[in-house]
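Topology and contacts: notes
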Amino acid sequence: MPASWVPHQLVPGSPIYIVGEAPGEQEALKGSPFVGASGHMLDDFLALAKLKRQDCSIGNVFNLRPPHNNIAAFCEPKPAGYSLPSLLPGQYVKTEHLPHVTHLQQNIATVKPNLILALGNTACWALLGKTKISELRGFVTPSLAGPKLLPSYHPAAIIRNPKLWPVTAQDFQKAATECKTPEIVRPNRHICIPSTILEAYEFWKAFGGSVFACDVETADRQITCMGF
């Protein structure tokens, strides 16, 4: 392995496997994943969700740092006969770097986590075959590696855009619950679109609880819909 290879931190049997993109400068220097600025933010999210870092398996899709932390350096235009989806628009991971993905899948099979927490587009590309993290985040789904997967933003993205912090915090709290079991459990929901106040009242008597949320939609400065 190259000297700059950054191995995964594996905890066999750990309930959660956290996967990022690739090592940064500090990770390459120290030979450990998530020890730079992104790692400090990761620790904050784990603490918020009451998860202990030492109980998590942690790694990246790629074990080598791309030049200037630019993942595009690992990509090229689509080669002939290439079947994998693009990682970046019009850019596909070079075949020489695909063994990193195989290595990740082998590590996941060794650990057997209940949940993979995929941080960022690159992790979703490797484990879901999809990108566009803004649409994927927050939803638990089966992964290509086997265990269920929860996508969320990479800490580096939150450093660039702090507005992503609240929803990412919610994702980590969801991960703390989801990692307790290997099954995907969908909540039972009862939905009513009432045409009268009485119909809404009867629905609330049957299914309502002590805690509820309200959302109001408007158009032309007028209320058009209220949801409870």
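For the structure itself, look to the data block above.
Report on the accompanying structure. Bear in mind that the values here come from a model prediction, so they are computed numbers and not experimental data.

1. Let's talk about the packing of helix H3 (residues 98-111) against helix H4 (residues 121-128)
One way to put it is that H3 packs onto H4 with a least axis distance of 10 Å and a crossing angle of 75°. By the angle between their axes, H3 is roughly perpendicular relative to H4. The residues of H4 that touch H3, namely those facing Leu98, Val101, Leu104, Gln105 and Ile108, are Trp125, Ala126 and Leu127. Among the residues forming the contact of H3 with H4, the class breakdown is 7 nonpolar, 1 polar and no charged.

2. Describing the sheet that holds strand S7 (residues 148-152)
Pairing is mixed in the open sheet, where 5 strands are placed in the order S2-S1-S5-S7-S6. Two strands bound the open sheet, and with one partner strand each, they are strand S2 (57-60) and strand S6 (141-142). Pairing of strand S1 (residues 16-20) with strand S5 (residues 115-119) involves 4 bridges; the strand directions are parallel. What sits directly across from Tyr17, in S5, is Ile116. Packed on one face of the sheet, H3 meets S1, S2 and S5 and runs near 165° to S1. Strands in contact with helix H7 (residues 165-178) are S1, S5 and S7; relative to S7, the strand with the most contacts, it is inclined by about 165°.

3. A closer look at a nonpolar patch on the surface
There is a patch of nonpolar side chains on the surface, built from Trp204, Phe212, Val216, Ile223, Met226 and Phe228 and spanning about 650 Å² of accessible area. With respect to the secondary-structure elements, Phe212 resides in the loop between helix H8 (197-207) and strand S8 (215-219).

4. Quick notes on the packing of aromatic side chains
Under the criterion given, the structure shown has 6 aromatic pairs. The interplanar angle of 35° and the centroid separation of 5.4 Å between the aromatic rings of Phe45 and Trp165 together place this pair among those described as tilted. Residue Phe45 is located in helix H2 (residues 37-48), and its partner Trp165 is located in helix H7; the two are separated by 120 residues in the primary sequence. Accessibility expressed as a relative area gives 0% for Phe45, which makes it buried. In this structure Trp165 comes out as partly exposed when scored by relative accessible area, which is 38%. Pairing Phe45 with Phe172 gives two aromatic rings, centres 5.0 Å apart and planes at 20°, and the pair type is stacked. Of this pair, Phe45 sits in helix H2 while Phe172 sits in helix H7, and the two are 127 residues apart along the sequence.

5. Focus: the layout of surface pockets
There is about 780 Å³ of room inside the largest pocket. Those elements giving two or more residues to the lining of the largest pocket turn out to be H8 and strand S9 (222-227). Broken down by element, the residue count for the lining of the largest pocket peaks at 6 residues, all from H8. Of the residues belonging to the lining of the largest pocket, the class tally is 16 nonpolar, 7 polar and 1 charged. If you add up the space inside the second largest pocket, you get close to 670 Å³. Around the second largest pocket sit 30 residues that line it, and Glu21, Ser38, His154, Ala156 and Arg160 are the ones nearest its centre. When residues of the lining of the second largest pocket are assigned to their parent elements, the largest contribution, 4 residues, is made by helix H6 (residues 155-160). Here the residues of the lining of the second largest pocket are counted per class, giving 14 nonpolar, 11 polar and 5 charged.

6. Structural notes on the packing of H2 against H7
Put simply, H2 and H7 touch, their axes get as near as 8 Å, and they point 55° apart. Here H7 runs oblique to H2, going by the angle between their axes. Crossing handedness for the pair H2 and H7: right-handed. Of H7, the residues touching H2 (which contributes Leu42, Phe45, Leu46 and Leu48) are Trp165, Thr168, Ala169, Phe172 and Gln173. Looking at the contact of H2 with H7 residue by residue, the class counts come to 7 nonpolar, 2 polar and no charged.

7. Considerations on the pattern of salt bridges
Pairing is possible between side chains that carry opposite charge, provided their charged atoms lie close to one another. Inspection of every chain in the model, using the stated rule, returns 5 salt bridges. Glu135 is the partner of Lys132 in a salt bridge, and the nearest nitrogen-oxygen pair spans 3.2 Å. Among the ionic pairs, Glu178 bridges to Lys148, the shortest N-O distance being 2.7 Å. On the criterion of sequence distance, the pair formed by Glu178 in helix H7 and Lys148 in strand S7 is long-range, its members being 30 residues apart. Judged by relative accessible area, Lys148 falls into the buried class, the value being 2%.

Scoring rules and cut-offs
Residues numbered from 1 in each chain as written. Predicted model: local features only at pLDDT ≥ 70, side-chain atom pairs only at ≥ 80, totals over all residues. Heavy atoms only, no water. Axes fitted to C-alpha atoms, helices over the stretch in contact; angles between N-to-C directions. Helix = DSSP H or I, 4+ residues; strand = E, 2+ residues; numbered from the N terminus. Parallel < 35°, antiparallel > 145°, perpendicular 65-115°, else oblique. Contact = heavy atoms within 4.5 Å. Nonpolar A, V, L, I, M, F, W, Y, C, P; charged D, E, K, R; others polar. Pairing = 2+ DSSP bridges. Patch = residues over 30% accessible without salt bridge, like charges linked within 9 Å, V, L, I, M, F, W, Y side chains within 5 Å. Areas by Shrake-Rupley, 256 points an atom, 1.4 Å probe, with all protein chains shown as cover. Salt bridge = Lys/Arg side-chain N within 4 Å of Asp/Glu carboxyl O. Phe/Tyr/Trp six-rings, centres within 6.5 Å; stacked < 30°, edge-to-face > 60°. Buried < 20%, exposed > 50% of the residue type's maximum accessible area, 1.4 Å probe, protein only. 1 Å grid on protein atoms, 1.4 Å probe; cavity = no way out; pocket = protein on both sides within 12 Å on 5 of 7 lines; lining within 4 Å. Points joined across faces, edges and corners; volume = space filled by probe spheres on them. Left-handed = near helix turned anticlockwise from the far one by under 90°.

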